[in-house]
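# An overview of the molecular structure
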Amino acid sequence: MSGTNLTKRKRTDSGDGDASKDDNPTVTRSAEYWLEDGNIILQAENTQYRVHRSILSRQSTVFADMFSLPQPPEFGPGESLVDGCPVVHLQDSAEDVGNLLDLLYESISLQTIEGHISISVIRTMLRLGRKYDFKKLWDRGVSLLEHDYPYTLQKWDEKPKPLISDEPGVIFDVIAIAHENDIKSILPPAYLTMFLRNSLPDIRDGRERLQRLVKAIILDWLRDDELPRADCDSFDKCSAALMGKIKYLYGQDACKLLEYFAYRWDKAELGAGMCEECEIYGNAEYEEGRRILWYNCPQYFELDS
Ligand SMILES: [Zn+2]
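Keep in mind the model is a prediction, meaning the values are calculated, not measured. (Residues numbered from 1 in each chain as written. Predicted model: local features only at pLDDT ≥ 70, side-chain atom pairs only at ≥ 80, totals over all residues.)

With that out of the way, let us pick up the overall build of the chain. Each helix and strand counted, the chain has 13 helices and four strands in total. Residues counted as buried form 29% of the 305 residues belonging to the chain. (Helix = DSSP H or I, 4+ residues; strand = E, 2+ residues; numbered from the N terminus. Buried ≥ 20, exposed ≤ 12 C-beta atoms within 10 Å, placed from the backbone.)

Here it is as structure tokens:
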């Protein structure tokens, strides 16, 4: 893996208050992960973790390669050890490394109870999974996101029970994580979710664009020359119903319009007042519009490059 940033610096357990010019002179030992038979010390920010090389090597090719290197000169004479263990300084947050160790040691169940996986854990799976090639963690992180933000309209319509816990603003984290890790498949459903839930000024532009597309693509059937149908048995009634719908649907606010993208044909609302032939045609055109918009969402949001 390129771009890994493992550094090994000389330093001692810092309680001695020596002349270290380090930015963060106070180092604390993790209460949870200071394992007596650990043989490697990871340090992230100011926290040290005493863990096992074998546990890390088993799932990460990057750690496996690192530990397979001859120990000197990195850990050779003159290198300060902590409790007899070499120290690996990671350029990762303590939150990420804590999550990582929870995943490796506590085996956080990924077939977990609905809504209980924190987005922070998913971020760690992807960020560290990619950086250190923890392949299983990466794969599971992606599949968890794809479960909650499915990339097919069919799966979206099945409304899977979320596995990721619904913390405030979680959708913004999901989108940021998807961009950070180049997981484009989840972006259309993630953006749709964001627009459904939020009305913040900074998402107004994207929402308005989607609103225009809903009118142009999904509600286009209202103005279709094929309606009323040739075999319509209540032409005047259906014409009047269509006129009423155009007036009603095009006057809806942005949030309401997005529902026509997010949700399937609602016969009681959209099909009201029309004969069966016209209703069936409208339904089919509407669903086709949803499929087209869904399929093209990445390019509408300039995500495909
Ligand atoms: Zn009709």
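Read on for the rest.
Two elements in contact, helix α4 (residues 119–131) and helix α7 (residues 170–180), have axes separated by 10 Å at closest approach and are oriented at 5 degrees. With respect to α7, the element α4 is oriented roughly parallel. Counted together, I119, I122, R123 and L126 of α4 and V170, D173, V174 and I177 of α7 form the full contact between these two elements. For the contact of α4 with α7, the class distribution of residues is six nonpolar, no polar and two charged. (Axes fitted to C-alpha atoms, helices over the stretch in contact; angles between N-to-C directions. Parallel < 35°, antiparallel > 145°, perpendicular 65-115°, else oblique. Contact = placed C-beta atoms within 7 Å. Nonpolar A, V, L, I, M, F, W, Y, C, P; charged D, E, K, R; others polar.)

Between its terminal C-alpha atoms helix α5 (residues 135–148) stretches 20 Å, which fits the 20 Å expected from 14 residues at 1.5 Å a residue. All buried positions along α5 are accounted for by L137, G141, L144, L145 and D148. For α5, the angular spread of the buried residues around the axis is 95 degrees, confining them to a single face. More than 90 degrees from the buried face of α5, the exposed residues found are D139 and S143. If you follow the buried residues of α5, they end up packed against α3 (94–105), α4 and α7. (Expected span 1.5 Å × (residues − 1). Arc of directions from axis to C-beta.)

This next bit is on the nonpolar core. In this structure, L42, I122, V174, A190, V214 and I218 are the most contacted members of the largest nonpolar core, which totals 60 residues. Among the elements that take part in this core, α4 stands out by supplying six residues, more than any other. Three or more residues apiece are contributed to this core by two domains, here domain 1 (14–167) and domain 2 (199–300). (Core = buried A, V, L, I, M, F, W, Y, C linked by C-beta atoms within 7 Å. Domains from an automatic or database assignment.)

On to helix α10 (residues 235–250). Its 16 residues place the ends of α10 22 Å apart at the C-alpha level, agreeing with the 22 Å of an ideal helix rising 1.5 Å per residue. Every buried residue of α10 is listed here: C238, A241, L242 and K245. With its buried residues spanning 100 degrees around the axis, α10 presents them on a single face. Exposed residues on α10 whose side chains face more than 90 degrees from its buried face are D236, M243, G244 and K247.

Right, let's talk about unusual backbone geometry for a bit. With an omega of -10 degrees, the peptide bond between L227 and P228 qualifies as cis. When you line up the elements, P228 lands in the loop between α9 (204–218) and α10.

Of all the five residues making up strand β2 (residues 40–44), five are buried; the element is thus mostly covered by neighbouring parts of the structure. Burial along β2 is two-sided: I40, L42 and A44 facing one way and I41 and Q43 facing the other are all buried. With five bridges connecting them, β2 and strand β3 (residues 47–51) associate as antiparallel partners. Across the sheet, residue Q43 finds its bridge partner in β3, namely Q48. With antiparallel pairing between neighbouring strands as the criterion, β2 and β3 make up a hairpin whose turn holds two residues, including E45 at a positive phi of roughly 50 degrees. (Pairing = 2+ DSSP bridges.)

Taken together, four strands build an open sheet; the order of strands is β1-β3-β2-β4 and the sheet is mixed. Strand pairing shows two members of the sheet lacking a second neighbour, β1 (28–34) and β4 (87–90), which therefore form its edges. Across this sheet, the average inter-strand angle for adjacent strands is 30 degrees, counted without regard to direction. Note: β2 against β4, four bridges, orientation parallel. Bridge pairing in β4 links Q43 to H89.

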